[in-house]
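Tertiary structure, described
Okay, here's what each chain looks like letter by letter:
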Amino acid sequence: MAKFNKYKEYFSQALISNNPVFFQALGMCPTLGVTSTAINGFGMGMATATVLVASNFFISLIRKIVPAEVRIPSFIVVIATFVTIIQFILKAYVPSLDASLGLFIPLIVVNCLILARAESFASKNNPIDSLFDGLAMGLGFTFALTVLGAIRELLGSGTLFNMQVLPELFPNTIMMILPPGAFLTLGFILAFINYKRRDK
């Protein structure tokens with residue numbers, strides 16, 4: 001029961017109280033760069049989450065045999081290996097998503113969220129805890145990117161997951177699916193969250 005409560009707390013923090021995007025401001029490059037649609041946000045989030053889970057687990061397994069002097073380079077090699085695997089899978093099975101995300105897939109290697117969890121958690125905890133930490137943070141990251149992408153897509157083109165939701169006559173704001181729309185949407189979300197936290 002204690003284990004269950006601990007893992008439940010991991011997910012509660014990652015999704016709500018300590019979300020990696022909305023509270024820690026980690027992984028801003030893909031957050032702002034690929035969230036023009038909900039599908040792109042979800043796809044990028046799941047790719048990152050998969051790498052995060054796998055790298056957390058593997059780094060935790062080797063944490064006691066990697067010398068401190070080469071700790072960070074070792075982490076990067078592990079992360080880059082899983083990123084390469086994910087990229088090959090996307091190219092083979094979801095080529096349209098791979099084309100949409102483009103350079104942002106290889107850039108997962110230097111995503112500060114993955115490096116932060118490897119350094120602060122996986123290198124200090126057992127493999128199972130590290131796996132659940134990676135899963136929780138990965139889902140929190142995916143949730144944030146999907147929400148951001150959904151808002152931008154809905155206001156920018158009237159669709160949601162490429163399905164028409166708003167009437168075609170609805171005055172869409174094309175700027176929302178352009179780079180300035182990412183900054184505006186994230187800014188409004190963070191302002192709303194900070195306002196609600198201040199009220200508590």
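First things first, this report covers the structure right here in the doc. These numbers were taken from a predicted model, which means no experiment stands behind them. (Residues numbered from 1 in each chain as written. Predicted model: local features only at pLDDT ≥ 70, side-chain atom pairs only at ≥ 80, totals over all residues. Heavy atoms only, no water.)

A closer look at the side chain of Arg 152
As for its placement among the helices and strands, Arg 152 is situated in helix α7 (residues 127-157). Among buried Asp, Glu, Lys and Arg side chains, Arg 152 stands out as unpaired, with Glu 153 the closest opposite charge at 9.7 Å. (Helix = DSSP H or I, 4+ residues; strand = E, 2+ residues; numbered from the N terminus. Buried < 20%, exposed > 50% of the residue type's maximum accessible area, 1.4 Å probe, protein only. Lys, Arg positive; Asp, Glu negative; His and termini not counted. Salt bridge = Lys/Arg side-chain N within 4 Å of Asp/Glu carboxyl O.)

As for the pattern of salt bridges
Applying the stated criterion across every chain yields a total of three salt bridges. Two residues, Asp 98 and Lys 91, come together in a salt bridge whose shortest N-O distance is 3.2 Å. Judged by relative accessible area, which is 10%, Asp 98 ranks as buried. With relative accessibility at 45%, the residue Lys 91 sits in the partly exposed group.

A short note on the packing of helix α4 (residues 71-93) against helix α6 (residues 112-122)
The contact between α4 and α6 brings their axes to 11 Å, and the two run at 130 degrees. On the basis of their axis angle, the class for α4 and α6 is oblique. When you trace α4 past α6, the crossing you get is right-handed. Side by side, α4 and α6 meet where Arg 71, Ile 72, Phe 75, Ile 76 and Ile 79 of the first sit next to Ile 114, Leu 115, Ala 118 and Glu 119 of the second. Partitioning the contact of α4 with α6 into residue classes produces seven nonpolar, no polar and two charged. (Axes fitted to C-alpha atoms, helices over the stretch in contact; angles between N-to-C directions. Parallel < 35°, antiparallel > 145°, perpendicular 65-115°, else oblique. Left-handed = near helix turned anticlockwise from the far one by under 90°. Contact = heavy atoms within 4.5 Å. Nonpolar A, V, L, I, M, F, W, Y, C, P; charged D, E, K, R; others polar.)

Brief notes about the packing of aromatic side chains
Under the criterion given, the structure shown has two aromatic pairs. With a centroid separation of 6.4 Å and an interplanar angle of 70 degrees, the aromatic rings of Phe 58 and Phe 82 are classed as edge-to-face. Here Phe 58, found in helix α3 (residues 38-62), pairs with Phe 82, found in helix α4; they are 24 residues apart in sequence, far enough to count as distant. (Phe/Tyr/Trp six-rings, centres within 6.5 Å; stacked < 30°, edge-to-face > 60°.)

Comments concerning unusual backbone geometry
Unlike most non-glycine residues, Phe 161 shows phi in positive territory, near 55 degrees. Mapped onto the fold, Phe 161 is located in the loop between β1 (159-160) and β2 (163-164). The backbone phi angle of Asn 162 is positive, close to 65 degrees, even though this residue is not glycine. Relative to the elements of secondary structure, Asn 162 occurs in the loop between β1 and β2.

Looking at the nonpolar core
One finds Val 21, Phe 22, Met 44, Val 51, Ile 105 and Ile 108 to be the most contacted residues of the largest nonpolar core, which totals 34 residues. Of all elements in the fold, only α1 (2-17), α3, α4, α5 (95-101), α6, α7 and α8 (179-199) reach the threshold of two or more residues within this core. Counting residues per element, this core draws most heavily on α7, which supplies six residues. When residues no more than four places from it in sequence are discounted, the contact partners of Val 21 are Leu 26, Met 28, Thr 31, Phe 141, Ala 144, Leu 145 and Leu 186. One finds Ile 59, Ile 62, Ala 118 and Ala 122 within the second-largest nonpolar core, a separate group that totals seven residues. (Core = buried A, V, L, I, M, F, W, Y, C linked by side-chain atoms within 4.5 Å.)

A look at the environment of Gly 102
Relative to the elements of secondary structure, Gly 102 occurs in the loop between α5 and α6. Residue Gly 102 is classed as partly exposed on the basis of its relative accessible area of 30%. When the C-alpha atoms of Gly 102 and Met 46 are compared, they prove to be 15 Å apart, with 56 residues separating the residues in sequence.

A look at the packing of α6 against α7
The contact between α6 and α7 brings their axes to 11 Å, and the two run at 150 degrees. Considering their axes alone, α6 and α7 lie roughly antiparallel with respect to each other. For the pair α6 and α7, the sense of crossing is right-handed. For the pair α6 and α7, contact is made by Leu 113, Arg 117, Phe 121 and Ala 122 and by Asp 129, Ser 130, Asp 133, Met 137 and Phe 141, respectively. Here the contact of α6 with α7 is composed, by residue class, of five nonpolar, one polar and three charged.

That's the geometry; what it means functionally is another story.
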